[in-house]
Amino acid sequence: MSTILEIKDLHKSFSDNPDGTEVLSSLDLEVEKNEFLCILGHSGCGKTTLLRCIAGFESFTGQVILNGSAVTSPSPDRIMVFQTFEQLFPWKTVFGNVDFPLKQTGHKDKAERKRVVEDALKKVRLSEYAHYYPHQLSGGMKQRVAIARALALKPKLILMDEPFAALDAMTRRELQNELLLLSQTEDCTILFVTHNIQEAIILGTRNIVLHKGGKIVYDKRNDMEKPISPSSEGFGRIWQEMRDAIYME
Amino acid sequence: MNRSQSGKNGFVYKLSVRIVFTLVVLGIWEYVARARLLGPRSELIFPSLESIGAAFVRNFVKGYAHLSLWNYIGNSMKLLLAGLFIGIALAFVFSGLSTVSRTFSVIYNYVVSVCDLLPGVALLPVVIVIFGVKSGVIVFLVVHAVIWPMSRNIMDGFMAVPMIYVEAGRNIGLKGASLLFKVYLPASTAYIVSGLKVGWARAWRGLISAEMIFGIASCPGIGLFINQMRTNMNNAEMYATLIVIIIIGVIVQYGILSPIEKNTVKKWGMSR
Ligand SMILES: Nc1ncnc2c1ncn2[C@@H]1O[C@H](COP(=O)(O)OP(=O)(O)OP(=O)(O)O)[C@@H](O)[C@H]1O
Ligand SMILES: [Mg+2]
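Source: prediction; values computed, not measured.

What counts and how
Residues numbered from 1 in each chain as written. Chains lettered and ligands numbered in written order. Predicted model: local features only at pLDDT ≥ 70, side-chain atom pairs only at ≥ 80, totals over all residues. Heavy atoms only, no water. Near = heavy atom within 4 Å. Polar contact = N/O pair within 3.5 Å; in protein donor to acceptor, adjacent residues only side chain to side chain. Areas by Shrake-Rupley, 256 points an atom, 1.4 Å probe, with all protein chains shown as cover. Contact = heavy atoms within 4.5 Å. Salt bridge = Lys/Arg side-chain N within 4 Å of Asp/Glu carboxyl O. Helix = DSSP H or I, 4+ residues; strand = E, 2+ residues; numbered from the N terminus. Buried < 20%, exposed > 50% of the residue type's maximum accessible area, 1.4 Å probe, protein only. Pairing = 2+ DSSP bridges. Core = buried A, V, L, I, M, F, W, Y, C linked by side-chain atoms within 4.5 Å.

A.B. asks: Any chance you could break down the site of ligand 1 for me, citing the residues and the numbers?
C.D. replies: Residue and element names in this part refer to chain A. What surrounds ligand 1 is a group of 13 residues, the closest being Ser 43, Gly 44, Lys 47, Thr 48 and Thr 49. Contact between ligand 1 and Ser 43: an oxygen atom at 2.6 Å from a side-chain N or O atom of the residue. Here Glu 162 contributes a side-chain N or O atom positioned 3.5 Å from an oxygen atom of ligand 1. In isolation ligand 1 has 630 Å² of accessible area, and contact with the protein removes 62% of it.

This is the structure we're talking about:
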């Protein structure tokens, strides 16, 4: 396995933050290729900020190195999947939402693009909805499109910021299963922020817990054999470890 | 029964109410005309429906000064389209520039706010002094009518574009002009469409008023036509021309503006 992402001495503070404290102070992290890294931590500990720095949406000091080159601005090699259902372009159909980014990133051959889009939609089970507009979809379907859009681009990293947090429990479980399957079959590296310990254990091949200031207080590989359920052997132990890490003073 | 919820029935209901109402108004009109209720001036104020109908046909066949009403309509439309085109294009250019330069944005916002308050017709004397009585004056007024509300809406629309679309766009490598055209523009379609509606309404009113106040011999339009009908006491023709003006308004509303709305913001679930 090789390192795909390397974060060295990352500092981030917001200029309009009144007390001037750093949201992330001296964060170091390495991510292996094809890893599914789940990031947990209390609200406000800097999970979103970390993803946004990696995505290139925020300025920061320190280094974020992707495949050997430093990250400075957003790029299609790091695709964000947001929590909000409103991340699709409402003026494009489901097909268009997946096709447009491909077209913008230099995929000139229309027939080839069509094949890629149809393939991506099939992976998230939305082939039948290709001609729908986002406002005609449910929240879960919209998140599936966002995932298909990311997969189709074959980015080096997919950065997911609580993509399932706003879904009902059943849909959430459904999408978790789909994402798990995709993460095992696709050649992709995923950073996945969540508040849900169970979700992290089910999906992640590695879990980390952040504390205020972006301090990593827990960082362990998750080698349990997938698919994992709460009744899997060892689940309770990991769950307890992570919970303790989150609530540790 | 809740009529607003009964879809097609609601439509049939509304349509029949309108038809009945129109027939009643026409009936009263015809009665007043036939009974000459207003005495000797009755025929001027309430020409019979028959004579208005005949005048309608006469407007197109005979017209005025050897020109059919078609020619007047054509002239008006020519000036209107030129003005709309220039006004809308300028609105896009200036609003686009104001996303690039902060100073330009401050100045342009200020200019738009001030000019938007100025009724075009009030500018007429000034414009005539500058340009003389030429058809360019009418184009100028149409541009004035459309450019400010259009700019206001485009700029408001750009401001209101949700950050998430912008970030999704930047994420796939869009920036500068490509971000403007591929994200900001479609994302503010609702604002642009409502700017079009306001712009059209003002331009159409402004055009007719300007033509009525001073007709341009080299390019006589509908406003001039209706004014001539009044001076010549051809009142039936006058009413017939009003009907033509209404018909043009209906065609633009239901033939152009509504379809644009239906095929963009309505289709995308984005209407405000
Ligand atoms: N644009 C901003 N300007 C100023 N402060 C910000 C900004 N964005 C985030 N912060 C601050 O940075 C800190 C971390 O925020 P962040 O959104 O990264 O937290 P999070 O871990 O994602 O929380 P949650 O689990 O609630 O999503 C918070 O204290 C927040 O107030
Ligand atoms: Mg967050």
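A.B. asks: Any chance you could break down the interface of chain B and chain A for me, citing the residues and the numbers?
C.D. replies: Across the contact, 19 residues belong to chain B and 25 residues belong to chain A. Taken together, chain B and chain A are joined by one salt bridge. Residue Glu 167 of chain B is joined to Arg 52 of chain A by a salt bridge in which the shortest nitrogen-to-oxygen separation is 2.7 Å. Seen at the junction of chain B and chain A, the total is six residue pairs in polar contact (both at pLDDT 80 or more). Mapped onto the side of chain B that touches chain A, the elements with two or more residues apiece are α8 (163-171) and α9 (176-187) of chain B. For the side of chain B that touches chain A, the element with the highest residue contribution is α8 of chain B, accounting for seven residues.

A.B. asks: Please provide a residue-by-residue account of the side chain of Asn 75 of chain B, values included.
C.D. replies: Residue and element names in this part refer to chain B. Along the chain, Asn 75 turns up in helix α4 (residues 69-100). Among the residues examined, Asn 75 registers a relative accessible area of 14% and is labelled buried. Those residues in contact with Asn 75 that lie beyond four places of it in its chain are Cys 219, Pro 220 and Gly 221.

A.B. asks: Explain the sheet that holds strand β4 (residues 61-66) of chain A residue by residue, including any values.
C.D. replies: One open sheet holds the four strands; their spatial order is β2-β1-β4-β5 (chain A), and the pairing between them is antiparallel. Both edges of this open sheet fall to β2 (24-32) and β5 (69-70) of chain A, since each of them pairs with a single strand only.

A.B. asks: Describe the pairing of strand β6 (residues 78-81) of chain A, naming the residues involved and giving the relevant values.
C.D. replies: For a regular strand, the rule is simple: side chains alternate between the two faces of the sheet. Residues and elements named next belong to chain A. Neither face of β6 is left uncovered, since the one carrying Arg 78 and Met 80 and the one carrying Ile 79 and Val 81 both have all their residues buried. By the bridge criterion, four bridges tie β6 to strand β7 (residues 157-161) in an arrangement that is parallel. When the sheet's bridge partners are listed, Met 80 is paired in β7 with Leu 159.

A.B. asks: Got a sec to walk through the nonpolar core? Specific residues and values, please.
C.D. replies: The nonpolar side chains of a soluble globular protein tend to be buried with one another. Core analysis: the largest hydrophobic core is formed by 96 residues, its most contacted members being Leu 5, Ile 7, Ile 39, Leu 50, Ile 54, Leu 191 and Phe 192 of chain A. With eight residues, helix α4 (residues 139-152) of chain A is the single largest residue contributor to this core. Leave out the neighbours within four places in its chain, and Leu 5 of chain A touches Leu 29, Glu 30, Val 31, Ile 54, Val 64, Ile 65, Leu 66, Leu 157 and Leu 191 of chain A. Residues Leu 196, Trp 204, Phe 214 and Val 244 of chain B belong to the second largest nonpolar core, which totals 51 residues.

A.B. asks: Describe the pairing of strand β9 (residues 206-211) of chain A, with residues and values.
C.D. replies: All names here are of chain A. Most of β9 sits inside the fold, with six of its six residues counted as buried. Side chains Arg 206, Ile 208 and Leu 210 of β9 all project onto a buried face; the interleaved residues Asn 207, Val 209 and His 211 project onto the opposite face, where all are buried too. Across five bridges, strand β3 (residues 36-41) lies against β9 in parallel orientation. Looking at the pairing, Ile 39 lines up with Ile 208 of β9. Pairing analysis gives six bridges linking β9 to strand β10 (residues 215-221), with the strands arranged antiparallel. Of the residues in β10, the one forming a bridge with Leu 210 is Ile 216. The hairpin formed by β9 and β10 contains three residues between the paired strands, and Gly 213 there has a positive phi angle of roughly 85°.

Shape descriptors only; they carry no functional weight alone.
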